[in-house]
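# Survey of secondary and tertiary structure
This is what each chain is made of:
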Amino acid sequence: GRLLVCVGVAGRVGVLGLELRPPTYDHHLPPRGPDGGPVIVAVSLRINSFAEVDEVNMRVVFDVYLRMEWLDPRLLMPSDLFNNTKPYLTLSGDIAHDLHLWQPDPFLEESMFLITMKCSMYHNKFPFDEQSCQFLISSYFHSGQDMVFTWKGQGITANPLIPDMLPNFHFTFKQYNITVCRCNTCLNVERACLKAQMKLERRYLNYLMGSYLPATLFVGVSWASFFWPAQAIPARTVLCITSLLSIISLYANVQQIIPPTNYVRAIDIWFIFCICAVASSLFEYAIILMIREKRTTDSTTVVKVVPSIDNTISSTGPASGRPTGVATNLRWKRLEILVERTTKIVYAVIFVVFTIVYFSLLIK
């Protein structure tokens, strides 16, 4: 008879002493599949828990239960086994080894049990990034002509409590119907394999509330300084400088809790723009103070002094070609008002446009 063998890493069945192998059985050779083709090994994987998502070392650590099923027509199925209620036998890997049965030789590339899987992570869109990790199960020895892997049922299932274990990520798996992989440096160029992709989509609400919103408020505070009278020098200066120092301090704190990179991330662009926006309000006020100083200096009447014949000094009034003090004062005053009004509008428009473009490009 034919026997469907199910092997897992847990769940032993006491079958020691049961002779399933015919005399000609060779456990080194794989069985043949239907029509003499490669044996089909159905794989299912259950993710029990996540131990760690290490973004610094770019690795994901999780606990899995691996189960494989295949049909071995060479094995003997006793007629009274399980009272013929099911045509398969469930064994642990150790028992299958003790019985000297043929077993597939899968291994998870770049990983181990408890699986520590390498995952190349790119944080250029942080904190709106999605990380994709390739999950590849391959045969260590057999080629695609001897053995074929396939997903059984849903293929990969996960503990429903995983969302609580990964508060910062939304976790999904996608299986692919790829059964053969090429490896030019391996003994078999075309190996039996099975591929899946794990996607970790970052939850960014805490970054919006803890980083983006405070930075926006500091920019708003610096913009409010444009509505204060220019003569309130201490108050307006302290307001701009305090906003600038606060947003720089916030950015420094954020840098301590996010993955370090040698390239610019989305959150870096946001903070750099906000810092420049706050600093520009301070530069604008410096320009206003320069205009007011110029207005005070040039508003005085210029007097031309000439000596008389008897060596006495006399004045002749305003110097030729120079505007009067009243005209100069009016000109600088109009320039000051123009700069203040224009800055209010331009400052707000630029920040709103930048915010819309920024989030529209990053948030899906």
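What counts, and where the lines are drawn
Residue positions are given per chain, counting from 1 as you read along its sequence in written order. Confidence filtering applies because this is a predicted model: local features only for residues at pLDDT of at least 70, side-chain atom pairs given and counted only at 80 or more, and all residues used for totals across whole chains, interfaces and linings. Hydrogens and water are ignored here; the side-chain numbers use all heavy atoms of the structure. A run of H or I in DSSP counts as a helix once it spans at least four residues, and a run of E counts as a strand once it spans at least two, with each numbered from the N terminus. Partly exposed describes any residue whose relative accessible area lies between the buried limit of under 20% and the exposed limit of over 50%, with all areas from a 1.4 Å probe on protein chains only and scaled to the type maximum. Residue contacts follow a heavy-atom distance rule, with two residues in contact if any of their heavy atoms lie within 4.5 Å. For accessible areas, the Shrake-Rupley method is used with a probe of radius 1.4 Å. Any residue's cover is judged against the shown protein chains and nothing else. UniProt positions are given in the numbering used here, feature names are shortened, and annotations may be inferred rather than shown by experiment. Any helix carries an expected span of 1.5 Å times its number of residues minus one. Bend at a given residue is defined as the angle between two axes, one fitted to the seven residues that end at that position and one fitted to the seven that begin there. Interaxial angle, 0 to 180 degrees, is taken between N-to-C directions of lines fitted to C-alpha atoms, where a helix line uses only the stretch in contact. Reported orientations rely on four angle classes, namely roughly parallel under 35 degrees, roughly antiparallel over 145, roughly perpendicular from 65 to 115, and oblique for the rest. Helix crossings fall into two classes, left-handed where the near helix is turned counterclockwise from the far one by less than a right angle and right-handed where it is turned clockwise. All amino acids are sorted into three groups, where Ala, Val, Leu, Ile, Met, Phe, Trp, Tyr, Cys and Pro are nonpolar, Asp, Glu, Lys and Arg are charged, and the leftover types, Gly among them, are polar. Salt bridges are defined as contacts in which a side-chain nitrogen from Lys or Arg sits within 4 Å of a carboxyl oxygen from Asp or Glu.

For the protein, an unreviewed UniProt entry supplies the name Glutamate-gated chloride channel alpha-like 4 and the organism Homarus americanus.

When its secondary structure is counted, the protein shows 6 helices and 13 strands. Residues classed as buried in the protein amount to 39% of the 364 residues present. For the protein, the proportion of contacts with a sequence separation of at least 24, taken over those separated by at least 6, is 77%. Accessible area for the protein stands at about 20,600 Å²; split by element, carbon and sulfur atoms hold 61% of it.

With that settled, the discussion passes to the UniProt feature "transmembrane region" (unreviewed entry) in the protein. With numbering matched to this structure, UniProt assigns "transmembrane region" (unreviewed entry) to residues 204-227, 233-254, 266-291 and 345-363. Secondary structure within residues 345-363 divides into 95% helix and 0% strand; the distance between the first and last C-alpha atoms comes to 27 Å.

Let us now look at unusual backbone geometry. Here the bond from F126 into P127 is cis, since omega is 5 degrees, no more than 30 degrees from zero. Here P127 lies in the loop between β6 (115-118) and β7 (130-143). Phi angles above zero are rare outside glycine, and M58 is one such case at about 55 degrees.

Relative to the 28 Å expected for 20 residues at 1.5 Å per residue, helix α3 (residues 205-224) spans 27 Å between its end C-alpha atoms, a close match to the ideal helical length. Bending of α3 peaks at approximately 30 degrees at the position of Y212, with proline P214 no more than four residues after it. Buried within α3 are the following residues: Y207, S211, Y212, A215, V219 and S222.

With that settled, consider the packing of α3 against helix α4 (residues 233-255). Helix-helix packing is characterised by the crossing angle of the two axes and by the distance between the axes. The contact between α3 and α4 brings their axes to 9 Å, and the two run at 165 degrees. One element, α3, and the other, α4, form an angle in the roughly antiparallel class. The two elements α3 and α4 meet at a crossing, and its hand is left-handed. On α4, the residues that touch G210, S211, P214, A215, F218, V219, V221 and S222 of α3 are L239, S243, S246, I247, L250 and V254. Considering only residue class, the contact of α3 with α4 consists of 9 nonpolar, 5 polar and no charged.

Here we come to α4. In a regular helix each residue adds 1.5 Å, so 23 residues correspond to 33 Å; α4 covers 33 Å between its end C-alpha atoms and thus fits that length. Turning to α4, its buried residues are R236, L239, C240, S243, L244, I247, L250, Y251 and V254.

This part takes up the pattern of salt bridges. Tallied over the full model, the rule gives 12 salt bridges. Among the salt bridges present, the one from E69 reaches K152, with a minimum N-O distance of 3.4 Å. Note that E69 is positioned in strand β3 (residues 59-72) and K152 in strand β8 (residues 147-158), a separation of 83 residues in sequence. Note on E69: relative accessible area 14%, which makes it buried. We classify K152 as partly exposed; its relative accessible area is 36%. The structure contains a network of salt bridges with shared partners spanning E55, D129 and R202.

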